[in-house]
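Okay, here's what each chain looks like letter by letter:
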Amino acid sequence: MIQETEVIIIGAGPAGIATSACLNILSLPNIVLERESCTASLWKNKSYDRLKLHLAKQYCQLPHMPFPSRFPTFLSKSLFINYLDTYVSWFGVNPMLGRSVESALREDGEKCWRVVARNAGSGETEVFEGRFLVVATGENSEGFVPEVVGLEGFGGEVVHSSEYGNGKRYEGKDVLVVGCGNSGMEIAYDLVNCGARAAVSVRSPVHVLSKEMVQLGMCMLKLLPCDVVDKMVQSLAKLKYGDFSHYGLQTPSKGPFYLKRTTGRSPVIDVGTMHKIKTRDIQVLPSITSIKGDFIEFENGKTNRFQAIVFATGYKSTVRKWLKDDGELFNEDGIPKKRRPDHWKGENGLYCVGFARAGLLGISNLMADVGAQKVL
Ligand SMILES: Cc1cc2nc3c(=O)[nH]c(=O)nc-3n(C[C@H](O)[C@H](O)[C@H](O)COP(=O)(O)OP(=O)(O)OC[C@H]3O[C@@H](n4cnc5c(N)ncnc54)[C@H](O)[C@@H]3O)c2cc1C
Ligand SMILES: NC(=O)C1=CN([C@@H]2O[C@H](COP(=O)(O)OP(=O)(O)OC[C@H]3O[C@@H](n4cnc5c(N)ncnc54)[C@H](OP(=O)(O)O)[C@@H]3O)[C@@H](O)[C@H]2O)C=CC1
Ligand SMILES: O=C(O)C(=O)Cc1c[nH]c2ccccc12
């Protein structure tokens, strides 16, 4: 049996549920397909316990439902999840859960998209057809772990940051966190607070700002050019944190907001990690070259023993595995070829949401991007 609708939305994270809500308001029939057993699975099941939103709440709300004024400026994960659950029920979003999309294609001459999904309950495949297809599977669909010589022989525990809840079971252990993005830097801090000895392996320069500096920068960007804002927040960062190069952390030559705009890479928003690096409670180490048993060798030639590794090495989009005939919308990494605000619209009824390289802010801005082009 083929299930027919107007719009098929793949993914029930913040982007997918926001899209369905907007369509429900317009009374446009839609089906949301979600591979996991709940909505917003990244937030509910694949992020560490102490996670808080780094951006102020006005940058993280979904369309048509502002956060209540009683909510704090920076929401905890649980408050954000409560908000998402309320959003889903308020706008009648009703995803079909346990449906992992295996292919989506639009054959030549056909007027609709045909989507095949595996039902986790029955194990059978199901077919859906719709005039429009919205890809909302996210930039963080799958954890990325790099190939490291000798990793398979490592004796300790190895997890990706998406599997890390908290540091309780690492108490008293030596743990290496690979990657110094927001996940890696916060997990290292959490590990030390839980009684582990943590080190972070860093391969590239990184900006570190406080959440207040980011908030100030975002306000100033409405009035001032990016390079001026970058200079101001970098001066504030230097005043607050000082020079971290002698601890092993270099600063990029381009500014933090310029890099966010041009590459999507976020600055690290410090949650206390920098102080722990200063007090040498967290060690900064260079890239890994190889692993021999429990010993990990680094680019500076030094070798240290670790009992666990957390790969906080980022994520991959999985669009390329199942989306066929996407025209020119996505590149080979499953990320839109065009930059915001032109990134969301493909051809033949194909759209994507949540790929603006701007987190929740990109989803929050969705209606502004669409409105600016007068499509709806
Ligand atoms: C640890 C962590 C913390 C973050 N914190 C912030 C933050 O504080 N602020 C911020 O702005 N951004 C943050 N982000 C970025 C985050 O990705 C976005 O905020 C937001 O979750 C993106 O929403 P999304 O709906 O586009 O993607 P997701 O939330 O990833 O949702 C995509 C959904 O698609 C489903 N899916 C994937 N493939 C398939 C398939 N083949 N078939 C069916 N369903 C599928 C997934 O199961 C998932 O539920 C964070 C990311 C991580 C990893
Ligand atoms: N509270 C919040 O708001 C939070 C937000 N986030 C957001 O979620 C998204 C994902 O963040 P995150 O999980 O930190 O992933 P990121 O992609 O931001 O960071 C990955 C890190 O791993 C490094 N890395 C990748 N491959 C290798 C390799 N082969 N060897 C060594 N290092 C490697 C990268 O270095 P390189 O720079 O050299 O590529 C980078 O430092 C980001 O947008 C982030 O801002 C995450 C956590 C908390
Ligand atoms: O949390 C993220 O990864 C984001 O992309 C959110 C975000 C959007 N614009 C920014 C500018 C500076 C820091 C974070 C963000």
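- Named according to an unreviewed UniProt entry, the protein is Flavin-containing monooxygenase originating from Rhododendron griersonianum.
- Checking UniProt for the protein, the heading Sequence similarities (unreviewed entry) contains the comment "Belongs to the FMO family."
- Quoted verbatim from the Cofactor (unreviewed entry) field of the UniProt record, the comment on the protein reads "FAD".

**Considerations on the side chain of Lys276**
In step 1: Here Lys276 lies in helix H8 (residues 273–278).
In step 2: Of the side chains with opposite charge, Asp281 lies nearest to the buried Lys276, which makes no salt bridge, at 4.7 Å.
In step 3: Setting aside residues no more than four positions away along its own chain, Lys276 makes contact with Tyr189, Val192, Asn193, Asp281 and Ile282.

**Remarks on the pattern of salt bridges**
In step 1: Taken as a whole, this structure holds 16 salt bridges when the rule is applied.
In step 2: Salt-bridge contacts for Glu102 lead to Arg118; the nearest nitrogen and oxygen are separated by 3.0 Å. Here the residue Glu102 occupies a position in strand S3 (residues 99–105), and Arg118 occupies one in strand S4 (residues 113–119), the gap between them amounting to 16 residues.
In step 3: On the accessibility criterion, Glu102 (37% relative accessible area) is partly exposed.
In step 4: Taking relative accessible area as the criterion, Arg118 reaches 35% and is therefore assigned partly exposed.
In step 5: The salt bridge partner of Asp174 is Arg197, with a shortest N-O separation of 2.9 Å.

**Some words on the sheet that holds strand S9 (residues 197–201)**
By definition, the strands of a sheet pair up through backbone hydrogen bonds, in either a parallel or an antiparallel sense.
In step 1: With parallel pairing, five strands are arranged side by side in an open sheet as S7-S16-S8-S9-S12. Of all strands in the sheet, those with a lone pairing partner are strand S7 (157–160) and strand S12 (282–285), marking the two edges. Sheet twist, expressed as the mean angle between neighbouring strand axes with direction ignored, is 20°.

**As for the packing of helix H6 (residues 226–241) against helix H7 (residues 256–263)**
In step 1: In the contact formed by H6 and H7, the axes pass within 7 Å of each other and the chain directions differ by 130°. It follows that H6 is oblique to H7 by the angle criterion. On H7, the residues that touch Cys226, Val229, Asp230, Val233 and Gln234 of H6 are Pro256, Phe257, Tyr258 and Arg261.
In step 2: Residues of the contact of H6 with H7, tallied by class, amount to six nonpolar, one polar and two charged.

**Side note on the packing of aromatic side chains**
In step 1: Per the counting criterion, the structure on display carries 13 aromatic pairs.
In step 2: Centre to centre, the rings of Phe67 and Tyr83 are 4.2 Å apart; their planes meet at 50°, and the pair counts as tilted. Linking Phe67 in the loop between helix H2 (41–45) and helix H3 (77–90) with Tyr83 in helix H3, this pair joins segments that are 16 residues apart in sequence. For the pair Phe67 and Tyr83, a shared accessibility class is recorded, and that class is buried.
In step 3: Both rings, one in Phe298 and one in Phe306, keep their centres 6.3 Å apart while their planes meet at 75°; by these two values the pair is edge-to-face. Each member of the pair Phe298 and Phe306 is classed as buried.
In step 4: Among the aromatic residues, ring-to-ring pairing joins Trp43, Phe67, Phe71, Phe80, Tyr83, Tyr87 and Phe91 into one connected group.
In step 5: The positively charged end of Lys211 is found above the aromatic ring belonging to Phe74, 4.8 Å away from the centroid.

Definitions and cut-offs
- Residues numbered from 1 in each chain as written.
- Chains lettered and ligands numbered in written order.
- Predicted model: local features only at pLDDT ≥ 70, side-chain atom pairs only at ≥ 80, totals over all residues.
- Heavy atoms only, no water.
- UniProt positions renumbered as here; feature names shortened; annotations may be inferred.
- Helix = DSSP H or I, 4+ residues; strand = E, 2+ residues; numbered from the N terminus.
- Buried < 20%, exposed > 50% of the residue type's maximum accessible area, 1.4 Å probe, protein only.
- Lys, Arg positive; Asp, Glu negative; His and termini not counted.
- Salt bridge = Lys/Arg side-chain N within 4 Å of Asp/Glu carboxyl O.
- Contact = heavy atoms within 4.5 Å.
- Pairing = 2+ DSSP bridges.
- Axes fitted to C-alpha atoms, helices over the stretch in contact; angles between N-to-C directions.
- Parallel < 35°, antiparallel > 145°, perpendicular 65-115°, else oblique.
- Nonpolar A, V, L, I, M, F, W, Y, C, P; charged D, E, K, R; others polar.
- Phe/Tyr/Trp six-rings, centres within 6.5 Å; stacked < 30°, edge-to-face > 60°.
- Lys NZ or Arg CZ within 6 Å of the ring centre and 35° of its normal.

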